[in-house]
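# Examining the three-dimensional arrangement
Spelled out from the first residue to the last, the chains are:
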Amino acid sequence: MPKGSEQLTKDRENEIINACAKLYESMSFKEITIKEIGNITSFKRSSIYNYYNTKEEIFLSLLKREYEQWTQELYSVSNDEKILTKNEFAEFLAHSLEKRETMLSLLSLNLRDMEDNSHMEKLIEFKKAYGETMNAVRKCLNKFDMSEQEKDNFIYSFFPFMYGIYPYAIVTDKQCKAMTEANVNYKYMSIYEIALLGTKKLLTAIPE
């Protein structure tokens, strides 16, 4: 870690993450390199290695930030004294995931590469953010008359379910053409629609 203030380090890391996120809007995970990221930062590309050892660590930090932002939204609902029905909660979760396309994309397509090619310190930081999100969902579930086992059942079904949302909702023209030529009767749905349908199914055991 380079010498300097803690705030400078944080600012540099945020700039690197922001550059990565910007490139990811128009480039694939494989196409993006540390050189590409460095080209749109305000400091020398070689300086990136003072903060991150691999591009996967940068992406993992981006995913960590996505989880942290989602967690804040979850806690805003769990801390609200408003009573929710299970349908209202399902709609909230679906809308919250609708805004997290980057998170869903990285989860579905690149998580193993990011984790395998990141140092343990970065991986632990990410896992802490992931764990806090699980805690936030559990706190939301406290609004309902559920046993601890029922909460576990929801959490350990809902989080794996999220991994499959992106590939079903975001499809390329090539994929659409292949499905058509293969005569597959496929209904295209948005992130919100898939998340809402799946979450409602998982919540069916919760009493009103």
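What this report covers is the structure whose coordinates are included nearby.

Calculation criteria
- Residues numbered from 1 in each chain as written.
- Predicted model: local features only at pLDDT ≥ 70, side-chain atom pairs only at ≥ 80, totals over all residues.
- Heavy atoms only, no water.
- 1 Å grid on protein atoms, 1.4 Å probe; cavity = no way out; pocket = protein on both sides within 12 Å on 5 of 7 lines; lining within 4 Å.
- Points joined across faces, edges and corners; volume = space filled by probe spheres on them.
- Helix = DSSP H or I, 4+ residues; strand = E, 2+ residues; numbered from the N terminus.
- Phe/Tyr/Trp six-rings, centres within 6.5 Å; stacked < 30°, edge-to-face > 60°.
- Buried < 20%, exposed > 50% of the residue type's maximum accessible area, 1.4 Å probe, protein only.
- Lys NZ or Arg CZ within 6 Å of the ring centre and 35° of its normal.
- Salt bridge = Lys/Arg side-chain N within 4 Å of Asp/Glu carboxyl O.
- Axes fitted to C-alpha atoms, helices over the stretch in contact; angles between N-to-C directions.
- Parallel < 35°, antiparallel > 145°, perpendicular 65-115°, else oblique.
- Contact = heavy atoms within 4.5 Å.
- Core = buried A, V, L, I, M, F, W, Y, C linked by side-chain atoms within 4.5 Å.

The next thing to look at is the layout of surface pockets. Quantified by volume, the largest pocket comes out at close to 300 Å³. Along the walls of the largest pocket sit 14 residues, with Tyr24, Glu25, Met27, Ser105 and Tyr166 positioned nearest its centre. Those elements giving two or more residues to the lining of the largest pocket turn out to be helix 1 (6–24) and helix 5 (101–109). Tallying contributions element by element places helix 5 first for the lining of the largest pocket, with four residues. Taken as a whole, the second largest pocket encloses approximately 250 Å³ of empty space. Lining the second largest pocket are Lys10, Glu13, Asn14, Ile17, Tyr52, Ser61, Lys64, Arg65, Glu68, Lys122 and Glu125.

Here we take up the packing of aromatic side chains. Any pair of aromatic rings gets described here by the distance separating the centres and the angle formed by the planes. Under the counting rule described, the total for this entry stands at 16 aromatic pairs. Considering the side-chain rings of Phe89 and Phe144, the 5.6 Å spacing of their centres and the 55 degrees angle between planes classify their relative orientation as tilted. Placement of Phe89 in helix 4 (residues 86–98) and of Phe144 in the loop between helix 7 (120–141) and helix 8 (148–162) is noted, with a sequence separation of 55 residues between them. Neither Phe89 nor Phe144 differs from the other in exposure class; each is buried. Of the aromatic side chains, those joined through ring pairs into one cluster are Tyr67, Trp70, Phe126, Tyr130, Phe154, Phe158, Phe159 and Phe161. Above the ring of Phe29, the side-chain terminus of Lys55 is found at 4.5 Å from the ring centroid.

In this section: the pattern of salt bridges. A full pass over the atoms with the stated rule returns eight salt bridges. Between Lys64 and Glu68 there is a salt bridge, and its shortest N-O distance comes to 2.8 Å. On the criterion of helical spacing, the pair formed by Lys64 and Glu68 is a turn pair, its members being four residues apart in helix 3 (residues 55–78). As a salt-bridge pair, Arg100 and Glu66 come within 2.9 Å of each other at their nearest N and O atoms. Of this pair, Arg100 sits in the loop between helix 4 and helix 5 while Glu66 sits in helix 3, and the two are 34 residues apart along the sequence. Judged by relative accessible area, which is 10%, Glu66 ranks as buried.

To continue, consider the packing of helix 1 against helix 3. Closest axis-to-axis distance for the helix 1/helix 3 pair is 9 Å, and the angle between their directions is 90 degrees. Classified by the angle between their axes, helix 1 and helix 3 sit roughly perpendicular to one another. Together, Asn14, Ile16, Ile17, Asn18, Cys20, Ala21 and Tyr24 of helix 1 and Ile58, Phe59, Ser61, Leu62 and Arg65 of helix 3 make up the contact between the two elements.

Glancing now at the nonpolar core. Grouped together as the largest cluster of nonpolar side chains are 62 residues, with contacts concentrated most on Tyr67, Trp70, Leu97 and Met162. Per-element tally for this core: the top contributor is helix 3, with 10 residues.

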